[in-house]
Amino acid sequence: MKRRAILVAVVVIFALLAAGLFWRAPLLSALGFAGEDDRYLGYVEGETSLIAPPVAGRLVQRPVDRGVEVKKGDRLFVIDPVLAEAEVARAAGALDEARSRYENLLKGKRPEEQDVVRGQRHEAEASLAMAETELQRQAQLLEKGFTTRQSYDQAFSQVHQLRSRIGSLTAQEKVGDLAARPDEIAAAKAQVDQDQAALAQAKKRLDDLMPSAPEDGLIENTFFNTGEWVPAGTPVVSLLPAFRVKLRFFVPEEDVARAQMGETVSFTCDSCPPDLKARIIYISPRSEFTPPVIYSQTARTKLVFLIEARPEPTQTKLPPGLPVTVAPLAK
């Protein structure tokens, strides 16, 4: 009798276990909790910015270290700037010279030079007044026969020369108040523009040798130390902005049709706060084999589709490589 009771109890236990396995998934689904088989596995990936100089040079400063948080505008590193600074100084001097020439062409002569011309004109006018008096006297004497025709002609020529000189000095005085010819001014202005462009180019080369952080972010890695030679185009530091973190998770082919661009998904990770959200930004157009990095006994689907989602950067910091579990897509 006792053995029979034990046998009945064993049968009942097995029946309850079978019923629990059979009804567990529908029950959890009805309660709003998906089973492990319904969730999608993935990980966090960071899109780093590789900061590199455009020209080769020796690294003279690197004020940031690996793992340091930087703000937008913080200096990241400095490549030896001696030659670039000299080029900026040369371009600035050339621009000052061209600008001075251009401004000089816009002006007339100096007031002191105009005073000299004006004084010469006054002197000629005084001489003309005396010459005209002498001409009148010579004309009267010639009528009376007390002078020669030659003396009269000399007085007449003197008056004519002085009048011409006064006209020339008056014209010089007016020209002195004018600027240079339009063509000369235009050529000087073009030279100023050219030198301004050369200065801007030299400053840009100098700025490229001492770049600043384009965004707030984390210095994920450094590749050179102070004193080392950096080839052109080779990254010196890698920067990870907070908004460049994304989730990469894999969805079975039977679920991928429910994924929509811009849709919000929920996800969890170890030691993370609850209610984390991310917005889908990419859905792979083709399937792939399940990556080994996310393979588990509960994710045995061979063909999956990659989906990327951007989490809100204000929620929590997600380090790259952190495994995540994404809730099922809405049906």
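To be clear, the structure that these remarks concern was listed above.
Residues numbered from 1 in each chain as written. Predicted model: local features only at pLDDT ≥ 70, side-chain atom pairs only at ≥ 80, totals over all residues. Heavy atoms only, no water.

Draft legend 1. Up close: the sheet that holds strand β7 (residues 229-230). Pairing within the open sheet is antiparallel, and its three strands lie in the order β5-β3-β7. The open sheet has two free edges, formed respectively by β5 (78-79) and β7, since each of these has just one partner strand. Direction of pairing for strand β3 (residues 57-61) relative to β7: antiparallel, over a ladder of two bridges. Following the sheet pairing, Gly57 is matched in β7 by Val230. (Pairing = 2+ DSSP bridges. Helix = DSSP H or I, 4+ residues; strand = E, 2+ residues; numbered from the N terminus.)

Draft legend 2. Region of the structure containing the layout of surface pockets. Estimated volume of the second largest pocket: approximately 400 Å³. Lining of the second largest pocket is provided by 21 residues; of these, Glu69, Leu240, Pro241, Ala242 and Lys317 occupy positions nearest its centre. Considering every element that reaches the lining of the second largest pocket, the biggest residue donor is strand β6 (residues 217-222), with three residues. Class assignment of the residues belonging to the lining of the second largest pocket gives a composition of 12 nonpolar, two polar and seven charged. (1 Å grid on protein atoms, 1.4 Å probe; cavity = no way out; pocket = protein on both sides within 12 Å on 5 of 7 lines; lining within 4 Å. Points joined across faces, edges and corners; volume = space filled by probe spheres on them. Nonpolar A, V, L, I, M, F, W, Y, C, P; charged D, E, K, R; others polar.)

Draft legend 3. Quick peek at the pairing of β3. In this structure, β3 lies alongside β5, joined through two bridges in antiparallel fashion. Paired with Gln61 across the two strands is Val78, which belongs to β5.

Draft legend 4. A look at the packing of aromatic side chains. Tallied over the entire structure, the rule returns one aromatic pair. Ring geometry for Tyr40 against Phe249: centres 6.3 Å apart, planes inclined by 15 degrees, an arrangement best described as stacked. Placement of Tyr40 in strand β1 (residues 40-46) and of Phe249 in strand β9 (residues 245-252) is noted, with a sequence separation of 209 residues between them. Of the two residues, Tyr40 and Phe249, neither departs from the other in class, the shared state being buried. (Phe/Tyr/Trp six-rings, centres within 6.5 Å; stacked < 30°, edge-to-face > 60°. Buried < 20%, exposed > 50% of the residue type's maximum accessible area, 1.4 Å probe, protein only.)

Draft legend 5. Inspection of unusual backbone geometry at higher detail. In the Ramachandran plot, Ser271 falls in the positive-phi region, its phi being about 65 degrees despite a non-glycine side chain. Tracing the backbone through its elements, the reader meets Ser271 in the loop between β10 (264-268) and β11 (276-283). Its identity as a non-glycine residue notwithstanding, Asp275 has a phi of 60 degrees, on the positive side. Within the secondary structure layout, Asp275 lies in the loop between β10 and β11.

Draft legend 6. Seen up close, the state of the cysteines. Applying the stated criterion to the full structure yields one disulfide. Across the disulfide, Cys269 is cross-linked to Cys272 (sulfur-sulfur distance 1.8 Å). Here Cys269 and Cys272 share a disulfide; its torsion about the S-S bond, -105 degrees, makes the bridge left-handed. (Disulfide = S-S within 2.5 Å.)

Draft legend 7. Summary view of the pattern of salt bridges. Under the criterion given, the structure shown has 14 salt bridges. Here Glu69 makes a salt bridge to Lys317, at a shortest N to O gap of 3.3 Å. Pair noted here: Glu69 is in strand β4 (residues 69-70) and Lys317 is in the loop between β13 (303-311) and β14 (323-326), with a separation of 248 residues, a long-range link. The class of Glu69 is partly exposed, set by a relative accessible area of 48%. In this structure Lys317 comes out as exposed when scored by relative accessible area, which is 67%. For Arg248, the salt bridge is made with Glu308, and the minimal N-O distance between the two is 2.8 Å. (Salt bridge = Lys/Arg side-chain N within 4 Å of Asp/Glu carboxyl O.)

Draft legend 8. A look at the sheet that holds β4. On the basis of which strands lie adjacent, the open sheet formed by four strands has the order β2-β8-β6-β4 and antiparallel pairing. Here the strands that pair on one side only, and so sit at the sheet edges, are β2 (49-51) and β4. Where β4 meets β6, two bridges bridge the pair, whose relative direction is antiparallel. Bridge pairing in β6 links Val70 to Gly217.

Draft legend 9. Focus on the side chain of Glu308. Among the secondary structure elements, Glu308 is positioned in strand β13. When residues no more than four places from it in sequence are discounted, the contact partners of Glu308 are Lys246, Leu247, Arg248, Arg279, Ile280, Ile281 and Tyr282. (Contact = heavy atoms within 4.5 Å.)

Draft legend 10. View of the nonpolar core. In terms of nonpolar packing, the biggest core is built from 29 residues, with Leu59, Leu76, Phe77, Val236 and Val237 touching the most fellow members. Looking at this core, the elements that each hand over two or more residues are β5, α2 (82-106), α5 (182-208) and β8 (237-241). Sequence-distant contacts of Leu59, that is, excluding residues within four places in its chain, are made with Phe77, Val78, Ile79, Phe224, Asn225, Thr226, Gly227, Glu228, Val230 and Val236. (Core = buried A, V, L, I, M, F, W, Y, C linked by side-chain atoms within 4.5 Å.)

Draft legend 11. Inspection of the pairing of β10 at higher detail. Judged by which residues are buried, β10 turns out to be one-sided: Val265 and Phe267 face inward and are buried, whereas Thr264, Ser266 and Thr268, on the alternate face, are not. Across four bridges, the pairing between β10 and β11 is antiparallel. Across the sheet, residue Ser266 finds its bridge partner in β11, namely Lys277. Of the pairings in the sheet, the one linking β10 to β14 comprises two bridges and is antiparallel in character. Residue pairing across strands places Phe267 opposite Val326, the latter belonging to β14.

Note that every value here comes from positions in space, so none of it alone points to a role or purpose.
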